[in-house]
Amino acid sequence: GKYWWQFDGSNDYLALSAPLFQMSDDHWVITGINFATAPASPQAFMSPSHANASDHAALLGIDTSGKIFAEWKAVTGGLVYLTSAANKAGAPCVVSTFKTGNTKILRVNGVQEGVNSTPQTVTTASTVGYIGSYDGASLYFGGASHASIGGKGTITPSDLLTLERFVGQMSGVSI
């Protein structure tokens, strides 16, 4: 079968030793997830850049309708929020986000679900990132996290699709 980390939605998470990238950098994140039902409150399956205990720079999660969301937070408190079109509960999916310049994009299973090109003065990530939680103390993810990869810099559409297919193979998703 496929390997994964199982999160119980109450206290499981992984902490990264440092942020994957700064929010001002061009960056990308691809991860495979699976969750059974829409949660009663929002859950974070990844917070790749976390500013401090009361704030975040970026967040990937699931809202209460089972839709995938991605957000980038500005220094002034402004928020770019992108969401998938439909409930993704009950089947594995590959979630991709990337930022190039001011453009931020959310993709699910290789399909673009949201885009925003609002310029932001972004929050600086000064501490760790998290998998399975917003901050290691809240918004715990209740589901399976498969392969997760990310990087600093620009990614071409063909390279993004290749990596989405790679994560999909490791997550049980055909893209």
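Above: the structure in question.
This one's a predicted model, so the numbers in the text were calculated from it and none came from an experiment.

## Focus: the overall build of the chain
When helices and strands are counted, the chain shows one helix and twelve strands. Listed N to C, the secondary structure of the chain is β-β-β-β-β-β-β-β-β-β-β-β-α in terms of helices and strands. For 175 residues, the compact-globule formula gives about 16 Å, and the C-alpha radius of gyration of the chain, at 14 Å, lands near that figure. Dimensions of the chain, computed from C-alpha atoms along their principal axes, come out at roughly 40 × 35 × 30 Å. Looking at the 175 residues of the chain, the share that counts as buried comes to 47%. Residue pairs in contact within the chain that sit at least 24 positions apart in sequence constitute 66% of those at least 6 positions apart. Accessible surface computed for the chain: about 7,600 Å², of which carbon and sulfur atoms make up 54%.

## Regarding the nonpolar core
I33, F45 and I68 are the most contacted members of the largest nonpolar core, which has 24 residues in total. Put simply, the parts of the chain that give this core at least two residues each are β3 (27-34), β4 (43-47), β5 (58-62), β6 (68-73), β7 (79-83), β8 (93-100) and β9 (103-108). Core analysis: the next-biggest nonpolar cluster, separate from the first, contains ten residues, I105, A147, I155 and V173 among them.

## A closer look at the pairing of β3
Remember that side chains alternate between the two faces of the sheet whenever the strand is regular. By the criterion of burial, β3 is predominantly enclosed, with seven of the eight residues buried. As paired elements, β3 and β8 share seven bridges and run antiparallel to each other. In the sheet register, I33 faces β8, and the bridge partner there is C93. Bridge analysis of β3 against strand β12 (residues 142-152) gives seven bridges, and the strand direction is antiparallel. For I30, the partnering residue across the bridge sits in β12 and is I149.

## Observations regarding the environment of T124
Looking at the element boundaries, T124 is found in the loop between β10 (111-116) and β11 (130-131). Taking the C-alpha atoms as reference, T124 lies 26 Å from S145; in sequence the two are 21 residues apart.

## Structural notes on the side chain of K99
Inspection of the secondary structure puts K99 in strand β8. It is D26 that comes nearest to the buried, bridge-free K99 among opposite-charge side chains, at 4.0 Å. In this structure the side chain of K99 is engaged in a polar contact, spanning 3.4 Å, whose partner is the backbone oxygen of S24. For K99, the side chain forms a polar contact with the main-chain oxygen of G101, separated by 3.0 Å.

## Focus on the sheet that holds strand β1 (residues 5-8)
Each strand in a sheet pairs with another by means of backbone hydrogen bonds, the pair being arranged parallel or else antiparallel. The antiparallel open sheet is built from six strands, whose spatial order is β1-β12-β3-β8-β9-β10. What marks the edges here is a single partner per strand, and that holds for β1 and β10. Ignoring strand direction, the axes of neighbouring strands in this sheet form an average angle of 25°. Sheet topology note: the β1/β12 ladder contains four bridges and is antiparallel.

## Section: the sheet that holds strand β2 (residues 14-15)
Strand order in the open sheet formed by six strands is β2-β11-β4-β5-β6-β7, with antiparallel pairing between adjacent strands. The sheet is open, and its two borders are formed by β2 and β7, each paired with just one other strand. The sheet contact formed by β2 and β11 spans two bridges and is antiparallel. Bridge assignment links A15 to a residue of β11, and that residue is Y130.

What counts, and at which threshold
Numbering of residues starts from 1 in each chain and follows the order in which that chain's sequence is written. The model is predicted, so local features are restricted to residues of pLDDT at least 70 and side-chain atom pairs to those at 80 or more, both for listing and for counting; the totals for chains, interfaces and linings are taken over all residues. Hydrogens and water molecules were not included; the side-chain quantities draw on all heavy atoms of the structure. In this text, helices come from DSSP runs of H or I with a minimum length of four residues, and strands from runs of E with a minimum of two, each type numbered from the N-terminal end. Here the radius of gyration uses the C-alpha set of atoms, whereas the globule reference equals 2.2 Å times the residue count to the power 0.38. Throughout this description, buried means an accessible area under 20% of the type-specific maximum (1.4 Å probe, protein chains only), exposed means over 50%, and partly exposed covers the range between. Any two residues having at least one pair of non-hydrogen atoms within 4.5 Å are treated as being in contact. Accessibility throughout is a Shrake-Rupley quantity obtained with a 1.4 Å probe, and a residue counts as covered only by protein chains that appear here. By nonpolar core is meant a set of buried Ala, Val, Leu, Ile, Met, Phe, Trp, Tyr and Cys residues that side-chain atoms within 4.5 Å join together. Two strands qualify as a pair provided DSSP detects at least 2 bridges between them. Asp and Glu count as negative and Lys and Arg as positive, but His and the ends of the chain are not part of the count. By salt bridge we mean one thing: a side-chain nitrogen of Lys or Arg within 4 Å of a carboxyl oxygen of Asp or Glu. Each polar contact in these results corresponds to two N or O atoms within 3.5 Å; when the atoms are within protein, one needs to be able to donate a hydrogen and the other to accept it, and residues that are neighboring in sequence are counted only if both atoms are side-chain atoms. Axes here mean lines fitted to C-alpha atoms, for a helix over just the part in contact, with angles spanning 0 to 180 degrees between N-to-C directions.

Geometric values such as these leave the question of function open.
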